[in-house]
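# Per-entry structural report
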Amino acid sequence: MSNPRSSFHETVVSITNKDEIILSADKFPFRTTLSLSTLITYWENKVTNDPSCNISRVQELAALLRQTPALLEPVEDTSLIEKHISTIDILMEDIFPSALWENDLRATVLPFHFESFYATPRLEELQLLGGGNYTEKLDLDLKTLLFRLTLSAYSIILEKFYNANFQVEQPFVFTIKDKFTQLERYYKLSIDLKFMDVQAKGELKKLKPQEINFLINRYNNLDLWMQKLPPENFEFTGFAIYDFTDVTMEQTISTLRYELLEQNSVTSDESFKNLQQKLRVLFGLPGIKLGIASCPAMQEFDTSYARKIWNGLVLTQHCELRMEDLRGSIYEPVIKHGHTIIVEDLKLFSSPTKIEQLLLEDGIRNLIIAPLQYEGRIIGLLELASHIPGELNALSMIRLKDVLPLFALAMHRGLEELRSSIQNIIKEKYTAIHPIVEWRFTQAAINFLDKMERNASAEIEPIVFRDIYPLYGVSDVRNSATERNKAIQGDLLDQLVLAKEVILAAKDNLPLPILDELIFKIDKFSQNIVAELGSDDEAQVLEFLRNEVESLFNYFLRHNRHSEHTIKVYKEAIANPYHVVYNKRRAYEESLYLINETISSFLDREEEKAQQIFPHYFEKYKTDGLEYNIYIGTSLLNGGTFEQIYLKNMRLWQLMLTCEIARRIQNLRATLKLPLEIAQLILVHSDPISIRFRLDEKKFDVEGASNIRYEIIKKRLDKATIRDSDERLTQPGKIAIVYTQQKEATEYLRYIEFLQSEGYIEKKVEMLEVEEMQGVQGLRAIRVKVSFKEQLRHDIDSGDELLSIAQSASLN
């Protein structure tokens, strides 16, 4: 709320969403007195104003009251009502018509209280009033309840004494449990105050219209109201008539609507249980069960993705049902044609399908299956089921039709949230559109939709970024193919040795010549593998072991118990998903994985920070190692300018990053099962290029004949050697910087000098020429050795930033 001012006049009032109740009172602050005098006045006025009034009846009432003068005074003790109940019965005839006495839910109470002194039998049976637990029945905390009662009292005071029309329309709704079904029932309270009056005690305080508006605009601060209009200056006398109406159906639908608007309303277990309980209340059936399931496209039916919103009676996320199980079942017309199916008793089916048998096994006899439709499409189904035949019938559809659209809307939102989540995962893990260029894709999509309105065969426009500068780097695991082959050789030899030991153990008590032949074949395979691993050697060895050795194990165990131990050792060695000895390959794969993850996570972390140098496009690819592309330039931006200083900063940052990757992998090698090494390379390209997004491959590629040479160089560099030698250009512990122009060498020599001063690079710098390759000539390279000293002047892991170090260098 806005703050109080010296002047009460306010043109604008500011109301926040966090206005809390301000009320210090812990009980109703006004004095209230029970009095029947207003009722007596009512009868006296009726004689004058109602020509049809039975005057003799009123005279009879007057005589009764003369005999009981205590009823004319304020009633301090309600036992007085009981004492003179026959007189009270006559006085209350107009309020409680005899024809409605048995079924009405009506009572008379002390104003702003919930204890009745006179009530219909039906109301007393429900026990809506009395008992003291009003906050529980009204689902309100005590402070909120007192606030609403006090505000209501002040609205009456303003209307009577200050002619201010300030009404608070917020009815109370009582919740109780049905004594038979134990389900919630809701009753709305209507209050009639015609027999209540409010009186000012002492001189009435005058308030200007501005002061009244000032209070109204601060309706939540009742402490302020109590200062301006102290409660002790007013007294409420008479009584109120409380009239209750059963609103169970309306209230249940309202709460259903609210809950179904909540996120995850049809996907979370807790929400689902609440929805089921609400439907039990709506139908007044405590035993019915709810089921909800989406209806995926037929081709997606058997996929786990399609079953994410399956919380049905039989259609659950982990059920084993398939599309063919629906054929001929009660679910088929619902899913295919959108019909609603009502089954009075499943047990009467002469030939139940698999689905109907599952329902019967769960004790379900009676059910309704209704389609959930959104914009004319069947997107799901809703099930209501009972163990009692006929409990749900065609008449149940009258109530169900009121809530089906709500469930359909919730199902649609759940499916949309699911699709959105899946798209986010796909973008993140596979074909993400980099945030820096997302604006351009959005623009193209908008243009495409605009074209579609005019031309149904419109095509989406090409996405091309021109005049951008590329940075390319690769961290490659040295001799990865050779190491992989060594691992395969080692595992095959180990498995052949284990197989030979089994044959030798069996041979002791089984003089079978065929066993000697098997040993000969095992030795021959071993010699061939040691000499050289052929392309199909692995497949031949494994086929031999499975068909000719492992197939004999059961025979050996039956006829020679001495072979039991060696067979056990063999089986334990191949107890993995591949059913082969996999120790050395596992060591290779785990080591390769750790290297890739170390490089990838560090690169991601630092690249995100490098966006501060200048926003740029970044993509990476995992192979036996990792390679990445960075593109930087004005056309990538949706506004903004590009300066050469940004490119220089990025190049220095890339070189520092490559040094840090080398140092991290060097430290990691000590923990690897197979101490693999990496060799690193940077390709320098000073001329701007153009890239185009290829829709078929969902990635960017260079555009134009002059730019294709850049891609060819990237592909050839993997096997590059130094001119007039067989020495590979890339070497473990070193970084090769490949360039074509002398100005590029000059620029990078400056960076190298700076990084030598920082301790990243050792003093020796090699200036090399690269051997010509197919389609590639004239390449030169600078090769430097990374320093593996434990302590450098800067410590990246302790908070020093590569970005800050790069920006501190003088690059102009």
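Predicted model only: the values in this text are computed from it and were never measured. Along each chain, numbering runs from 1 in the same order as the chain's sequence is written. Given that this is a predicted model, residues contribute local features only at a pLDDT of at least 70 and side-chain atom pairs are listed and counted only at 80 or more, while totals for whole chains, interfaces and linings are drawn from all residues. Based on all heavy atoms of the structure, the side-chain values leave hydrogens and waters out of the count.

With that settled, consider the overall build of the protein. A run of DSSP states H or I qualifies as a helix once it reaches four residues; a run of E qualifies as a strand once it reaches two. Both are numbered from the N-terminal end. The secondary structure content of the protein amounts to 26 helices and 22 strands. Here the globule rule is a power law, 2.2 Å times the number of residues to the power 0.38, and the radius of gyration is based on C-alpha atoms. The globule rule puts the C-alpha radius of gyration for 812 residues at 28 Å, and the 43 Å found for the protein is more than 25% above it. Principal axes of the C-alpha set define a box for the protein whose edges measure 135 × 85 × 60 Å. A buried classification covers 47% of the 812 residues belonging to the protein. Each residue's exposure class comes from its accessible area (1.4 Å probe, protein chains only) as a fraction of the maximum for that residue type: buried when under 20%, exposed when over 50%, partly exposed otherwise.

Attention now goes to the pattern of salt bridges. In what follows, salt bridge is the name for a side-chain nitrogen of Lys or Arg lying within 4 Å of a carboxyl oxygen of Asp or Glu. On inspection of all chains with the given rule, the structure shows 40 salt bridges. Salt-bridge contacts for Glu548 lead to Lys521; the nearest nitrogen and oxygen are separated by 3.5 Å. One end of the pair, Glu548, is in helix α19 (residues 537-549); the other, Lys521, is in helix α18 (residues 513-531), and 27 residues separate them in sequence. Measuring nitrogen to oxygen at the nearest pair gives 3.0 Å for the salt bridge that ties Arg561 to Glu564. On the accessibility criterion, Arg561 (53% relative accessible area) is exposed. Taken together, the shared-partner salt bridges in this structure form one network comprising Glu727, Lys734, Glu766 and Arg783.

This part covers helix α8 (residues 209-216). Those residues of α8 that fall on the buried side of the exposure criterion are Glu211, Ile212, Phe214 and Leu215. The buried residues of α8 occupy one face: seen down the axis, they fall within an arc of 155°. In what follows, residue pairs with any heavy atoms lying within 4.5 Å of each other are defined as contacts. Buried positions along α8 lie against α7 (142-162) and α9 (222-228). Each C-beta atom gives one direction from the helix axis, and the arc is the one those directions make.

On to the sheet that holds strand β7 (residues 234-238). Hydrogen bonds along the backbone pair up the strands of a sheet, which may run parallel or antiparallel. The criterion for strand pairing is that DSSP finds at least two bridges linking the strands in question. Taken together, the three strands give an open sheet; going across it, the order is β1-β7-β6, and neighbouring strands pair in mixed fashion. Single-partner strands in this sheet number two, and they are β1 (31-34) and β6 (196-200). Across this sheet, the average inter-strand angle for adjacent strands is 25°, counted without regard to direction. Direction of pairing for β6 relative to β7: antiparallel, over a ladder of five bridges. By the bridge assignment for β7, Met196 is matched with Gly238. To define axes, lines are fitted to C-alpha atoms, for helices over the stretch in contact only, and angles between the resulting N-to-C directions are given on a 0 to 180 degree scale.

For a regular strand, side-chain orientation follows a simple rule: the groups alternate between the two sheet faces. Where strand β4 (residues 173-177) meets strand β5 (residues 184-192), five bridges bridge the pair, whose relative direction is antiparallel. The residue bridging Phe174 from the neighbouring strand is Tyr187, located in β5. Adjacent in sequence and paired antiparallel, β4 and β5 are bridged by six residues, among which Gln182 carries a positive phi angle near 60°. Where β5 lies against strand β8 (residues 240-246), six bridges are found, and the strand directions are antiparallel. Directly across from Ile191, in β8, lies its bridge partner Tyr242.

Let's shift gears to the sheet that holds strand β10 (residues 310-311). Taken in spatial order, the five strands of this open sheet run β10-β9-β13-β12-β11, and their pairing is antiparallel. On the outer flanks of this sheet lie β10 and β11 (341-343), each paired with one strand and no other. Pairing geometry for strand β9 (residues 289-294) and β10, over two bridges, is antiparallel. By the bridge assignment, Ile292 is partnered in β10 with Asn311. Packing of helix α11 (residues 269-283) onto the sheet brings it into contact with β9, β10 and β13 (377-386), and relative to β9 it is tilted by some 125°.

Before going further, it helps to spend a moment on the packing of helix α17 (residues 480-507) against α18. It is the contact of α17 with α18, at a shortest axis distance of 10 Å, that shows an interaxial angle of 165°. Comparing the axis directions of α17 and α18 gives the class roughly antiparallel. Regarding α17 and α18, the two cross each other, and that crossing is left-handed. Counting all contacts with α17, which are made through Gln489, Leu492, Leu493, Leu496, Ala499, Lys500, Ile503, Leu504, Ala506 and Lys507, the residues of α18 involved are Leu515, Asp516, Leu518, Ile519, Ile522, Asp523, Phe525, Ser526, Ile529 and Val530. Put simply, angles under 35 degrees are roughly parallel, angles over 145 are roughly antiparallel, angles from 65 to 115 are roughly perpendicular, and the rest are oblique. Each crossing gets its hand from how the near helix is turned against the far one by less than a right angle, where anticlockwise is left-handed and clockwise is right-handed.

Closest axis-to-axis distance for the α18/α19 pair is 11 Å, and the angle between their directions is 165°. With respect to α19, the axis of α18 lies roughly antiparallel. The two elements α18 and α19 cross, and the hand of that crossing is left-handed. Residues Leu518, Lys521, Ile522, Phe525 and Ile529 of α18 form the contact with α19, whose own contacting residues are Gln540, Val541, Phe544 and Glu548. Three classes are used, and their members are as follows: Ala, Val, Leu, Ile, Met, Phe, Trp, Tyr, Cys and Pro are nonpolar, Asp, Glu, Lys and Arg are charged, and the others, Gly among them, are polar. Taken together, the residues of the contact of α18 with α19 sort by class into six nonpolar, one polar and two charged.

Attention now moves to the nonpolar core. One finds Ile595, Leu717 and Leu729 to be the most contacted residues of the largest nonpolar core, which totals 63 residues. Each residue touching Leu729, except ones within four places of it in the same chain, is listed here: Leu681, Ala720, Thr721, Ile722, Ala736, Val738, Leu768, Val770, Ala781 and Arg783. By size, the runner-up hydrophobic cluster in this structure holds 50 residues, among which are Phe28, Phe166, Phe236 and Tyr242. The definition of a nonpolar core used throughout is a set of buried Ala, Val, Leu, Ile, Met, Phe, Trp, Tyr and Cys residues joined through side-chain atoms within 4.5 Å.

Here we come to the confidence of the model for the protein. Low-pLDDT portions of the prediction should not be read for the details of their coordinates. By definition, pLDDT measures how confident the predictor is in each residue, and it falls between 0 and 100. Mean pLDDT over the protein stands at 85; residues scoring 70 or higher make up 90%. Below a pLDDT of 50 lies the segment residues 1-8, which in the model reaches 21 contacts outside its immediate sequence neighbourhood of four places, other chains included.

With that out of the way, let us pick up the pairing of β13. Buried residues dominate β13, accounting for eight of its 10 residues. Where strand β12 (residues 366-374) meets β13, nine bridges bridge the pair, whose relative direction is antiparallel. Residue Leu372 lies in a different strand from β13, and its bridge partner there is Gly380.

Inspection of the secondary structure assignment puts Phe693 in strand β18 (residues 689-694). Among the residues examined, Phe693 registers a relative accessible area of 15% and is labelled buried. Residues Phe693 and Asp494 lie 199 residues apart in sequence; the distance between their C-alpha atoms is 49 Å. Here Phe693 is in contact with Phe441, Ile463, Lys698, Lys699 and Phe700, once residues within four sequence places are set aside.

This part takes up the packing of aromatic side chains. Any Phe, Tyr or Trp ring, taking Trp's six-membered ring, that has another such ring centre within 6.5 Å forms a pair; planes under 30 degrees apart are called stacked, those over 60 apart edge-to-face, and the others tilted. Scanning the model with the defined rule gives 31 aromatic pairs in all. When the ring of Tyr469 is compared with that of Phe642, the centres are 5.7 Å apart and the planes differ by 25°; the resulting orientation is stacked. With a gap of 173 residues between them, Tyr469 in strand β14 (residues 464-477) and Phe642 in the loop between β16 (625-632) and α23 (644-668) connect regions that are remote in the sequence. The pair formed by Tyr469 and Phe642 is uniform in burial state, with each residue classed as buried. An aromatic cluster is built from Phe28, Phe30, Phe112, Tyr154, Trp225 and Phe236, whose rings are joined through pairwise contacts. A ring has a charge above it when a Lys NZ or an Arg CZ is no more than 6 Å from the ring centre and no more than 35 degrees off the ring normal. Above the ring of Phe214, the side-chain terminus of Arg218 is found at 3.8 Å from the ring centroid.

Attention now goes to the environment of Phe520. In this structure, Phe520 sits in helix α18. With 20 residues separating them along the chain, Phe520 and Lys500 place their C-alpha atoms 9.5 Å apart.

This brings us to the side chain of Arg280. Inspection of the secondary structure assignment puts Arg280 in helix α11. In this view, Arg280 contacts Leu183, Leu285, Pro286, Gly287 and Ile288; residues no more than four positions away in its chain are not counted.

Turning our eyes to something else, we now look at unusual backbone geometry. In this structure, Gln127 takes a positive phi of about 60° despite not being glycine. Within the chain, Glu375 stands out as a residue other than glycine whose phi angle is a positive 50°. Here Glu375 shows up in the loop between β12 and β13.

Because an α-helix completes one turn every 3.6 residues, residues spaced three or four positions apart along the sequence face the same direction. Helices are assigned an expected span. That span is 1.5 Å times one less than the residue count. Compared with an ideal rise of 1.5 Å per residue, which puts 17 residues at 24 Å, helix α25 (residues 742-758) spans 25 Å between its outermost C-alpha atoms and is within 8% of the ideal. Of the positions making up α25, those classed as buried are Glu744, Ala745, Glu747, Tyr748, Tyr751, Ile752, Phe754, Leu755, Gln756 and Glu758. After α25 finishes, the residue Gly759 shows a positive phi value of roughly 90°.

Positionally, Lys734 belongs in strand β20 (residues 734-739). Counting along the chain gives 448 residues from Lys734 to Pro286, while the straight-line C-alpha distance between them is 75 Å. Ignoring any residue separated from it by four or fewer positions in sequence, one finds Lys734 in contact with Gln680, Glu766, Arg783, Val784 and Lys785.

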